[in-house]
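Here is what each chain is made of, one letter per residue.
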Amino acid sequence: MSYPLLETIDDPADLRELSVEQLSVIAVELRRFIIDIVATKEGHLGASLGVVELTLALHYAFSTPDDKLIWDVGHQAYGHKIITGRRDNFETNREFNGLSGFPKMQESVYDAFGTGHSSTSISAALGMAIASKIQGNTARHHIAVIGDASIASGMAFEALNHAGDSDANLLVILNDNAIGIDPSVGALKNYLTNVKTGSQRQENIFEALNFNYFGPVDGHDLEKLLEIFKTLKKIKGPKFLHVITTKGKGLKQAEADQVVYHAPGKFDALTGELKPKNTHPQPPKYQDVFGLTLVELAKKNKQIIGITPAMPTGSSLKYMMQQFPERAFDVGIAEQHAVTLSAGIAASGGVVFCAIYSTFLQRAYDQLIHDVALQKLPVIFCVDRAGLVGADGATHHGVFDLAYLRCIPNLIIFAPRNEASLRNIMYTAQLGLESPIAIRYPRGRGLELDWQNPFEQLELGKAEHLIKGSQLAILATGNFTETALQLAAVFKGNVSVYYFGFVKPLDFVMLKRVFKKYNTIITLEDGVQSGGFGSAIAEEAARQSYTGKLEIFGIPDQFIEQGTTEELQQALGLDFESLKENIQSLLD
Ligand SMILES: Cc1ncc(C[n+]2csc(CCOP(=O)(O)OP(=O)(O)O)c2C)c(N)n1
Ligand SMILES: CC(=O)[C@@H](O)[C@H](O)COP(=O)(O)O
Ligand SMILES: [Mg+2]
């Protein structure tokens, strides 16, 4: 494919030389460019297609990068990146040593603020506006583009509340396409629908917060957008523009199936049809083991309730939402609310499974401590995407949870090593616990084709001695246990493997035996070295005055960028070959 006019655009200054008619041609070429690249390189498609015109109009009308433009979540910023000097290397998007899949300050001056987690843009733009004013720059514009699902999140409201009581030169653009990854939910969604259909009579919510409200306008009408930006640039103080767009705009299938085409995988750039997935039998995704097992358990245990903050498809809670809609709820992008809602359910005797990504649970840390653990409420957290997640990179790797959870009193932490392990801990948890539990499992597929094992109740806090060996012990947790077993097979009889599914409480009796038997121990985890599972072992080794050699293998004290998990593990020395070499040198 060729993009003759787009190829002349190396930055927004080039864009501003064009006529509005030419800008429409750029819109066609830019949309085509995004489709062509994502069709083979994968990534987030629908959101970027939905803001092609908005992206061009913003960079045309405003003097970026001096005017600050922040893309909330940032998964819709492919067009922004392509016209701000990254067209020619955009094929490295989300790849190892390539471009980040999200705006990143270190990547470009046009990326005013790094995003990836939702609902941060208004706070950041307001902060920049306050700083500009104090620096005497009253001409600079500060623009936050935020989606209809993201604006429903707590911190977005906190920022609107503050901004509405300021004279900040701030423009909030609500990109309203009525969907998140899954359909948007909640009263705000219903309100916005009424506004769009004109059936909303009372005062606009955003005007009630002292924003100068404009819209709703067609977010695909370039001329209309340019006209309204011209007006908005002359108005001081907090302004709110409501634009209506279609997620996946310009690709028939992406418009028709907006959930799948949020991140469709590979597809035919010409027809839009998804590339057929390999049909040979594969182990299930961990998320599906969770989702299907929850349905199995909920059929018998009528007290089971499922909660997800905006990730029904990603967490696979969708299965329970389909089967038991009265007992499974998507609360929107509202992790803090999801956690304390779960606490409330548990406080009244409900058996609540809160399905939440490791990285997004970070947003509800105080609720976890203050509302759940302090009151010993038996919430069952199913922490998905734990460990390295791959292409989403530094903003999404779930590598901190073992560390940030381990220090919380009353909290049980479990990392399953395969599908059966996950099923058994879910079964055990819903039998009734005296305290909350966090079950953390990785993105991607498990190990077993035949995974729907009969349930077994697990004994809390017990480790398992899986392989006997004479010289060195590997203590592993979670998905790295499989790696440990493969390593032990190489060093026949010399390497022992202990599986610590329970990271907390640790099996101190087993540890006492390990410290007594081995002079060399290594720990393996898909999480940070500082504060995680290995640290827990080291703390106990100190307490038991262990004098042998203990090496902790995990994520070092740095943010890990994007790449495949194999590439990242290799770069971190956590791949099989590197670990094998390390063990060999320890055995020599
Ligand atoms: C704190 C947080 N929770 C969940 C997500 C996962 N997530 C990524 S995009 C998205 C939906 C965003 O919807 P919206 O704001 O309407 O933007 P659109 O995709 O429609 O452009 C969600 C839930 C996230 N990035 N951050
Ligand atoms: C942009 C965003 O935050 C989500 O789309 C996230 O990328 C989903 O991750 P998974 O693909 O692991 O569900
Ligand atoms: Mg949306």
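Everything numeric in this text was worked out from a predicted model, so none of it was measured.

J.: A description of the domain arrangement of the protein chain should follow, citing residues and the corresponding values.
T.: Entries for the protein chain in the domain assignment read domain 1 (6–262), domain 2 (286–442) and domain 3 (464–587). For domain 2 and domain 3, the distance between their C-alpha centres works out to 26 Å. Across the boundary between the two partners, domain 2 contributes 28 residues, which contact 33 residues of domain 3. Interface of domain 2 and domain 3: buried area, both sides summed, is about 2300 Å²; carbon and sulfur atoms make up 62% of it.

J.: I'd like a rundown of the packing of aromatic side chains, residues and numbers included.
T.: Across all of its chains, the model carries 18 aromatic pairs by this definition. Between Tyr3 and Phe33, the ring centres sit 5.0 Å apart and the planes meet at 70 degrees, which makes this aromatic pair edge-to-face. Of this pair, Tyr3 sits in the segment before α1 (12–15) while Phe33 sits in helix α2 (residues 20–41), placing them 30 residues apart in sequence. For Phe33, a relative accessible area of 8% gives the class buried. With centroids separated by 6.4 Å and ring planes inclined at 25 degrees, the aromatic side chains of Phe290 and Tyr441 adopt a geometry described as stacked. In this pair, Phe290 sits in helix α12 (residues 286–300) while Tyr441 sits in the loop between β11 (437–440) and β12 (464–467), placing the two residues 151 residues apart along the sequence. Each member of the pair, Phe290 as well as Tyr441, is classed as buried.

J.: Please set out helix α5 (residues 78–86) residue by residue, giving values where relevant.
T.: Burial runs high along α5: eight of the nine residues are buried. The set of residues buried in α5 consists of Tyr78, Gly79, His80, Lys81, Ile82, Ile83, Thr84 and Arg86. The inward-facing, buried residues of α5 abut α1, α2, α3 (46–50), α4 (52–61) and β1 (68–71).

J.: Residue-level account of the pairing of strand β2 (residues 142–147), with values.
T.: In terms of residue burial, β2 counts as a mostly covered element, since six of its six residues are buried. By the alternation rule, side chains of β2 split into His142, Ala144 and Ile146 and Ile143, Val145 and Gly147, which are all buried. Alignment of β1 against β2, held across four bridges, turns out to be parallel. Within β2, the position partnered with Leu69 by the bridge is Ile143. Here β2 runs beside strand β3 (residues 170–176); their pairing, made up of six bridges, is parallel. From the neighbouring strand, Val145 faces β3, where its bridge partner is Ile173.

J.: Outline the UniProt feature "binding site: thiamine diphosphate" (unreviewed entry) in the protein chain, supporting the account with residue identities and numerical values.
T.: Within this numbering scheme, the UniProt entry marks His75, Gly116, His117, Ser118, Ala149, Ser150, Asn177 and Glu335 as carrying the feature "binding site: thiamine diphosphate" (unreviewed entry). For the second largest pocket, the lining residues among the annotations just cited are Gly116 and His117. Not counting the four nearest positions on each side in its chain, His75 is found in contact with His44, Ala47, Ser48, Gly101, Phe102, Lys247 and His262. Within the fold, Asn177 resides in the loop between β3 and α8 (187–197). Judged by relative accessible area, Asn177 falls into the buried class, the value being 12%. Sequence-distant contacts of Asn177, defined by excluding residues within four places in its chain, comprise Asp148, Thr245 and Lys247.

J.: Go over unusual backbone geometry, please, and point to the residues and values.
T.: The phi torsion of most residues other than glycine is negative, and most of the peptide bonds are trans. The residue after Thr64, namely Pro65, is reached through a cis peptide bond having omega 5 degrees. As for its position among the elements, Pro65 is in the loop between α4 and β1. In this structure, Pro216 follows Gly215 across a cis peptide bond, with omega equal to -5 degrees. Examined against the element boundaries, Pro216 turns out to sit in strand β4 (residues 212–218). Although it is not a glycine, Asn210 sits at a positive phi angle of roughly 70 degrees. When its relative accessible area of 49% is taken as the criterion, Asn210 is described as partly exposed. The residue Ala310 is not glycine, and still its phi comes out positive at about 75 degrees. By the element assignment, Ala310 lies in the loop between β6 (304–308) and α13 (312–315).

Basis of the calculations
Residues numbered from 1 in each chain as written. Chains lettered and ligands numbered in written order. Predicted model: local features only at pLDDT ≥ 70, side-chain atom pairs only at ≥ 80, totals over all residues. Heavy atoms only, no water. Domains from an automatic or database assignment. Contact = heavy atoms within 4.5 Å. Buried area = accessible area lost by both parts, 1.4 Å probe. Phe/Tyr/Trp six-rings, centres within 6.5 Å; stacked < 30°, edge-to-face > 60°. Helix = DSSP H or I, 4+ residues; strand = E, 2+ residues; numbered from the N terminus. Buried < 20%, exposed > 50% of the residue type's maximum accessible area, 1.4 Å probe, protein only. Pairing = 2+ DSSP bridges. UniProt positions renumbered as here; feature names shortened; annotations may be inferred. 1 Å grid on protein atoms, 1.4 Å probe; cavity = no way out; pocket = protein on both sides within 12 Å on 5 of 7 lines; lining within 4 Å.

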